[in-house]
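What the coordinates show
In case you want the letters, here they are:
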Amino acid sequence: MESSQYREAGVDLERKGDLVRRLESLARSTGRPGVLEGVGGFAGLLALREAAPGARDPVLVAGADGVGTKLKLTASLGRHRVAGIDCVAMCVNDVLSAGGEPLFLLDYLAMPRLDEAVAAAIVEGIAEGCREAGCVLLGGETAEMPGFYAEGEYELAGFCVGVAERARLGTAGSPSGQARPGDVLVGLASSGLHSNGFSLVRRVLAASGADLAAPVPWEQAPARSLGEALTEPTRIYVKPVRALASAVDVHALAHITGGGMPDNLARVLPPGTRAVVHRGRWPEPPVFGWVQGTGGIGTEEMFRVFNMGIGMVAAVRAADAEAAVAILQAAGQAAWIIGTVEEVGAVEARLAAMPSPFGSAAPERGVPARRLRFGPSAKRPSPGGWVEIVEG
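Description of the structure in this document.

About the thresholds
- Residues numbered from 1 in each chain as written.
- Predicted model: local features only at pLDDT ≥ 70, side-chain atom pairs only at ≥ 80, totals over all residues.
- Heavy atoms only, no water.
- Helix = DSSP H or I, 4+ residues; strand = E, 2+ residues; numbered from the N terminus.
- Buried < 20%, exposed > 50% of the residue type's maximum accessible area, 1.4 Å probe, protein only.
- Contact = heavy atoms within 4.5 Å.
- Disulfide = S-S within 2.5 Å.
- Pairing = 2+ DSSP bridges.
- Salt bridge = Lys/Arg side-chain N within 4 Å of Asp/Glu carboxyl O.

**Regarding the overall build of the chain**
- Check the secondary structure of the chain and you find 14 helices and 13 strands.
- Here the chain holds 392 residues, and the buried ones make up 49% of them.
- Put simply, of all contacts in the chain between residues at least 6 apart along the chain, 80% involve residues at least 24 apart.

**Digging into the state of the cysteines**
- Counted according to the given criterion, the structure contains zero disulfides.
- You can see Cys87 has no disulfide; the closest cysteine sulfur is in Cys91, sitting 5.2 Å from it.
- In this model Cys160 remains outside any disulfide bridge; the closest cysteine sulfur is found in Cys135, 5.2 Å from its own.

**Remarks on the environment of Cys87**
- Among the secondary structure elements, Cys87 is positioned in helix H5 (residues 80-97).
- Remark: the alpha-carbon pair of Cys87 and Gly66, spanning 21 residues in sequence, is separated by 5.7 Å.
- Excluding residues within four positions of it along the chain, Cys87 makes contact with Val67, Leu156, Ala157 and Gly158.

**Details of the pairing of strand S7 (residues 184-189)**
- Burial of S7 is extensive: six of the six residues sit out of reach of the surface.
- Across the two faces of S7 the burial is the same, with Val184, Val186 and Leu188 and Leu185, Gly187 and Ala189 all buried.
- Sheet analysis places S7 next to strand S10 (residues 310-316), joined by six bridges and oriented antiparallel. By the bridge assignment, Ala189 is partnered in S10 with Ile310.
- Both S7 and strand S11 (residues 335-343) contribute to a ladder of five bridges, which runs antiparallel. Paired with Gly187 across the two strands is Trp336, which belongs to S11.

**Notes on the pattern of salt bridges**
- Applying the stated rule across the entire model yields 16 salt bridges.
- The residue Arg224 makes a salt bridge to Glu219 at a minimum N-O spacing of 3.0 Å.
- A residue is classified by how much of its surface remains accessible, and Arg224, at 29% relative accessible area, is partly exposed.
- Its salt-bridge partner being Glu388, residue Arg274 comes within 3.3 Å of it at the nearest N-O pair. With Arg274 in strand S9 (residues 273-278) and Glu388 in strand S13 (residues 386-390), this pair connects stretches of sequence that are 114 residues apart.

Take a look at the structure:
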């Protein structure tokens, strides 16, 4: 092979060509109608008329997200496929919450030196996630950046575009607007930590000296390691939510990511409302108890950082709540009625909107200790409703 200064500097063009051909076959496995140009072109092309044949007044719904510092664990444990699934899940669940049906995903993968096996494993996970979400992997970028990332590490992000009918979108971008007073909240089970809070998880691991290769400490006959349990792939909610939305009127959906229920459920609450969530109405995966106990973390902070076992919340009419749970369960998604949306008075709403030294979460003066009250979402530019967590 001819000597190459570029290769000696850390970038191997020939190996990248081999990888592109391998990734193209993975992308092809995610195909859906309307794909005109996929991997290999300067840009991906998708015919909207063919991809969304029933849409009368289509609105594009776009979202972007990454996997965060969970990548530190997936990379060190060799769980690269999990990182790919997470990348898809974080993007498509956001698009779904905004009322969109995911159409396609673009990925961005950067590493110091091209490792074909690692890159292929990551994209295998991306393709698996895309097939689960019903969207096509239309293209992306694989960047070789010597000297920029540490050896063995990589960066991964996804960009998803979906489609929705304009008539079904409210001003907040939810399927029919925002949650309404009197709505019942249906919680969809998470698969564990998902892809949020890993800066805190890694701190707990470092302080405790926990062995990621050791068996899971909370299972009597563990079949997996602690590292495997902590890096369980993020759940993709597209199929069960489609089944739900086709049968009942879903007023709002909230993807519970960074900021937990306080920041994400509050995003779909209009001013003058609060969501009252009853903690004891769903079984919290024991991974959260392990993180809390090992790290000595307060309950309020746990709810502000993690999903605590609920990865998505749907707001539906009270009359549809039981049916909603049954529909989700029939679609293979564990779900429970976890709370309600209530209207509040003007004075209480003004107090809740006041700045707090605790940031987005502030206990209400005079509220019993078994109730946590959080302020309006820090992710909204203007204050809306807020979330209260009630023990039991």
